[in-house]
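Survey of secondary and tertiary structure
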Amino acid sequence: MSGTNASVAERARAVFTPNVAPAPLALARGEGCRVWDVEGRVYLDAISGIAVSALGHGHPGLAAAIKDQAERLLHTSNLFLNEPSVELAERITEVCFADRVFFCNSGAEANESALKLARRYHWSRKRPEKNRIVTFRGGFHGRTYGALAATAQPKYHAGFAPMPEGFDPIDFGDLEQLERVVGPTTAAVLVEPTQGEGGVNVPPEGFLRSIREVTDAHDSLLIVDEVQTGFGRTGRMFAHQYDDVVPDIMCMAKGIAAGLPLGGIAARAEVAEALVPGTHNTTYSGNPLACRGGLIVMETLLKPGFLEGIRARGDQLRTGLAALGGSLFADVRGRGLLLGAELSDHAPVTAKQIVEACRARGALVHVAGPSVLRLAPPLILTASEAEELLQIMRLALVDLGVAPRA
Ligand code: PLP
């Protein structure tokens, strides 16, 4: 393997389905918060493979655990038990509301599992009419059919009709609509504590608590999709913990195993009971290799001061970003190390142009929707790396002619 970025991109175009359009950049290796492309150029990673590589790259503890587990046992299926999966479920239930965990492989699959559990829960309580799911416009829950139907963004649905039925989208943060739409047929409200893909939208203070009150009033469930926000990303173990609410089901993936494909749901025991044997599964559930990765993530997140450090880095980046572009950004928002900078209406550049200019200067950032620049660096980002990132971004804005040279 000795390609250039351009040659790998050309080969990729020839063999991959065209549904994703990656940057013409082939990454070869990484260390800490830096990655190197096949031509040896180095980049500061401020997107972590879309909020996944929480421990950065080449993490020695994670690499050692993977090697050890790969040499012992890679796969069992859930025909049999394996200790790493049991231990990871124990760790997760120790740090949140949940008593039971089901592991799968991705965020979309976690959402599928949560939707099935919510409907099955009401069905098993002899109220099958309670099967509708209230969702939020701008939300994102994945690309499989159930998760896609829950994703109330028409652009993702185009050409894929008919969608599964039973979803009632409302505006994010709108209490009046919530009270009007949640009713006797509502199985659950599905919400991201902060919308990630939809633009890093933090809901108004107390919104999750209001959802809890409304769902309680109608015997409906509260599902929090923490696929992007969970496992320390926002500076708390889980983002719903900022609002002090007790959900019924939580969707997990992305940072849970810092780069190994793992997802899952965590639920209150009384709700989880509905998934009786035979109702739901996947061959890879509780894969020991992925779960060993998850254990290293938990061990790291639980180190004294680690979550505080994420909040401090987030504050540093948010303040720095707001100062960067003068009036270029209308809003800089987010929590911990999930940050969005929304371009003002009259901005002379697009978020995509900023992403490309940053890449040319040696930093990887991403967008969240057409006009929001998104940062989600590894959770191990240091203060000096955060400063370096802001410097690179400033130079990128200078290159684009939207920040002063000095
Ligand atoms: N839920 C949320 C909140 C997400 O941000 C994503 C992915 O971005 C998903 C679900 C889907 O996860 P996956 O891409 O692992 O299927």
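Okay, so let's go over this structure. (Residues numbered from 1 in each chain as written. Predicted model: local features only at pLDDT ≥ 70, side-chain atom pairs only at ≥ 80, totals over all residues. Heavy atoms only, no water.)

Moving on, we come to the site of the ligand. Taken together, the neighbourhood of the ligand is formed by 13 residues, with Gly107, Ala108, Asp225, Gln228 and Lys254 sitting nearest. For the ligand, an oxygen atom lies 2.8 Å from a polar atom in the backbone of glycine 107. One of the side-chain N or O atoms of aspartate 225 is found 2.7 Å from a nitrogen atom in the ligand. The element contributing the most residues to the shell around the ligand is helix α5 (residues 107-124), with 3 residues. Of the residues that constitute the shell around the ligand, the class distribution is 3 nonpolar, 6 polar and 4 charged. (Near = heavy atom within 4 Å. Polar contact = N/O pair within 3.5 Å; in protein donor to acceptor, adjacent residues only side chain to side chain. Helix = DSSP H or I, 4+ residues; strand = E, 2+ residues; numbered from the N terminus. Nonpolar A, V, L, I, M, F, W, Y, C, P; charged D, E, K, R; others polar.)

A separate point is the packing of aromatic side chains. Under the definition given, this model contains 5 aromatic pairs. Judged by centre distance (5.7 Å) and plane angle (75 degrees), the ring pair of phenylalanine 136 and phenylalanine 207 falls under edge-to-face. Note that phenylalanine 136 is positioned in strand β5 (residues 132-136) and phenylalanine 207 in helix α9 (residues 207-217), a separation of 71 residues in sequence. This pair shows no difference in class: phenylalanine 136 is buried, exactly as phenylalanine 207 is. (Phe/Tyr/Trp six-rings, centres within 6.5 Å; stacked < 30°, edge-to-face > 60°. Buried < 20%, exposed > 50% of the residue type's maximum accessible area, 1.4 Å probe, protein only.)

Proline 162 follows alanine 161 through a cis peptide bond whose omega is 0 degrees. Looking at the secondary structure, you find proline 162 in the loop between α7 (154-157) and β6 (167-170). Here alanine 51, not a glycine, exhibits a phi torsion of approximately 60 degrees, which is positive. When you line up the elements, alanine 51 lands in helix α2 (residues 48-51). Despite not being glycine, valine 200 shows a phi value in the positive range, around 50 degrees. Among the structural elements, valine 200 can be located in the loop between β7 (186-191) and α9. A relative accessible area of 0% means that valine 200 is categorised as buried.

Looking now at the sheet that holds strand β1 (residues 27-31). Read across the open sheet, the 4 strands follow the order β1-β2-β3-β13; overall the sheet is mixed. With partners counted over all chains shown, the strands left at the sheet margins are β1 and β13 (363-364), one partner each. Note: strand β3 (residues 42-45) against β13, 2 bridges, orientation parallel. The residue bridging leucine 44 from the neighbouring strand is alanine 363, located in β13. Packing against the sheet, helix α14 (residues 383-399) makes contact with β2 (34-37), β3 and β13, and its axis sits at approximately 110 degrees to β3. (Pairing = 2+ DSSP bridges. Contact = heavy atoms within 4.5 Å. Axes fitted to C-alpha atoms, helices over the stretch in contact; angles between N-to-C directions.)

Attention shifts here to the sheet that holds strand β10 (residues 263-267). Read from one edge to the other, the open sheet built from 7 strands follows the order β4-β10-β9-β8-β7-β5-β6, with strand pairing classed as mixed. Each edge of the sheet is formed by a strand with only one pairing partner; in this case those strands are β4 (100-104) and β6. In this sheet, adjacent strand axes meet at a mean angle of 20 degrees when their direction is disregarded. The pairing of β4 with β10 spans 5 bridges and is antiparallel. Across the sheet, the residue bridging to phenylalanine 103 is glycine 264, located in β10. Along the sheet, α5 makes contact with β4, β5, β6, β7, β8 (221-225), β9 (249-252) and β10, crossing β9 at roughly 165 degrees.

What follows covers the side chain of arginine 127. By the element assignment, arginine 127 lies in the loop between α5 and β5. This buried residue, arginine 127, is left without a salt bridge; aspartate 219 holds the nearest opposite charge, at 4.1 Å. Dropping the residues within four chain positions of it, arginine 127 is found in contact with Tyr121, His122 and Asp219. (Lys, Arg positive; Asp, Glu negative; His and termini not counted. Salt bridge = Lys/Arg side-chain N within 4 Å of Asp/Glu carboxyl O.)

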